[in-house]
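Fold and contact review
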Amino acid sequence: MIELIFLGIGVGILSGFFGIGGGTILVPMLLFLGHQIKDAISISIVQMVFSSIYGSYLNNKKKTLDVPMVLTIGVGGFFGAMLSGFIASNVDDRLLEILFFAFALFALSRLFFKTKMGATQREASKVLLFLIGLFLGILSMLIGVGGSIILVPILVGFLHVDIKKAISAGLFFVVFSSVAGLISHSLSRDIDFYSGVVIGLSSLVGVYVGINLKDKVDSVVQKKLLVGFYLLIVIYLAIRIFFRGN
């Protein structure tokens, strides 16, 4: 339990600071500790419900959350994530890891090469936002992340949303995708709720710390830290998939 508590606090800090559900770091950590990929994904989804709801509450209080924009994306994500558990039951473990790697690599490249700090935010139709959410909801829950690992680069790189608002939006999207993903995965396979709840409750402490740190850091510095964070994830996954195998 002590190990799970410290893991939850650490994941919570990263979740609040980078606007991720926590699965981006939690899934690799659980794999490192010996869990199978599908077990790690289910534990991660339970944890994300806790961190995303509490983190979004804090971000809304600090007025960094654009609720109308993310609500449309979130509804699409909810419907997409509802399908994920049934799809995951029929997908090979190695393919899930490769998908996870591809998502992280895309996010890293988008943030590193395409983002422009201070650009005017672009408007997007509700239909497009819904389709983005639907796509992210399906694929993100397959790999045990909330979807913000891709949503944040899309908002910053394509729509030129301010990075702090994009991070808040990413965490709010995770509320929809993780709740739907939890329902879907619970109906299709057994979930280790004990580990997920312990990590999830512990992550609330970390989320509080991470969000307060986020609001104190300069946007340019935060972008560099975000790129560095994604780079570490990509390197770890590349080593696991292409050099060590399963």
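Residues numbered from 1 in each chain as written. Predicted model: local features only at pLDDT ≥ 70, side-chain atom pairs only at ≥ 80, totals over all residues. Heavy atoms only, no water.

Once that is clear, we can look at the overall build of the protein chain. From N to C terminus, the protein chain includes ten helices and zero strands. Moving toward the C terminus, one meets the helices and strands of the protein chain in the order α-α-α-α-α-α-α-α-α-α. Among the 246 residues that make up the protein chain, the fraction classed as buried is 55%. Contacts in the protein chain between residues far apart in sequence, at least 24 positions, make up 86% of those at least 6 positions apart. Carbon and sulfur atoms form 71% of the exposed surface of the protein chain, whose accessible area is close to 10,500 Å². (Helix = DSSP H or I, 4+ residues; strand = E, 2+ residues; numbered from the N terminus. Buried < 20%, exposed > 50% of the residue type's maximum accessible area, 1.4 Å probe, protein only. Contact = heavy atoms within 4.5 Å. Areas by Shrake-Rupley, 256 points an atom, 1.4 Å probe, with all protein chains shown as cover.)

Quantified by volume, the largest pocket comes out at close to 170 Å³. Contributing to the lining of the largest pocket are Asp66, Pro68, Met69, Thr72, Gln121, Arg122, Glu123, Ala124, Lys126, Leu129 and Leu159. The biggest single contributor to the lining of the largest pocket is helix 4 (residues 67-88), with three residues. Each residue belonging to the lining of the largest pocket can be placed in one class, and the counts come to five nonpolar, two polar and four charged. (1 Å grid on protein atoms, 1.4 Å probe; cavity = no way out; pocket = protein on both sides within 12 Å on 5 of 7 lines; lining within 4 Å. Points joined across faces, edges and corners; volume = space filled by probe spheres on them. Nonpolar A, V, L, I, M, F, W, Y, C, P; charged D, E, K, R; others polar.)

Further remarks concern the packing of helix 1 (residues 2-18) against helix 2 (residues 23-32). It is at 9 Å that the axes of helix 1 and helix 2 come closest, and there the two elements cross at 150°. In terms of orientation, helix 1 lies roughly antiparallel with respect to helix 2. Helix 2 is crossed by helix 1, and the crossing has right-handed handedness. Here Leu7, Val11 and Leu14 of helix 1 come into contact with helix 2, specifically with Ile25, Leu26, Met29 and Leu30. Each residue belonging to the contact of helix 1 with helix 2 can be placed in one class, and the counts come to seven nonpolar, no polar and no charged. (Axes fitted to C-alpha atoms, helices over the stretch in contact; angles between N-to-C directions. Parallel < 35°, antiparallel > 145°, perpendicular 65-115°, else oblique. Left-handed = near helix turned anticlockwise from the far one by under 90°.)

Residues Leu231, Ile235, Ile239, Phe242 and Phe243 make up a contiguous nonpolar surface patch of roughly 530 Å² in combined accessible area. Topologically, Ile239 is positioned in helix 10 (residues 219-244). Accessibility expressed as a relative area gives 42% for Ile239, which makes it partly exposed. (Patch = residues over 30% accessible without salt bridge, like charges linked within 9 Å, V, L, I, M, F, W, Y side chains within 5 Å. Salt bridge = Lys/Arg side-chain N within 4 Å of Asp/Glu carboxyl O.)

A few words now on the confidence of the model for the protein chain. Here the protein chain averages 81 in pLDDT, and 89% of its residues register 70 or above. Mean pLDDT per element in the protein chain: helix 5 (residues 93-114) is the minimum at 72, and helix 9 (residues 193-214) is the maximum at 91. (pLDDT = per-residue confidence, 0-100.)

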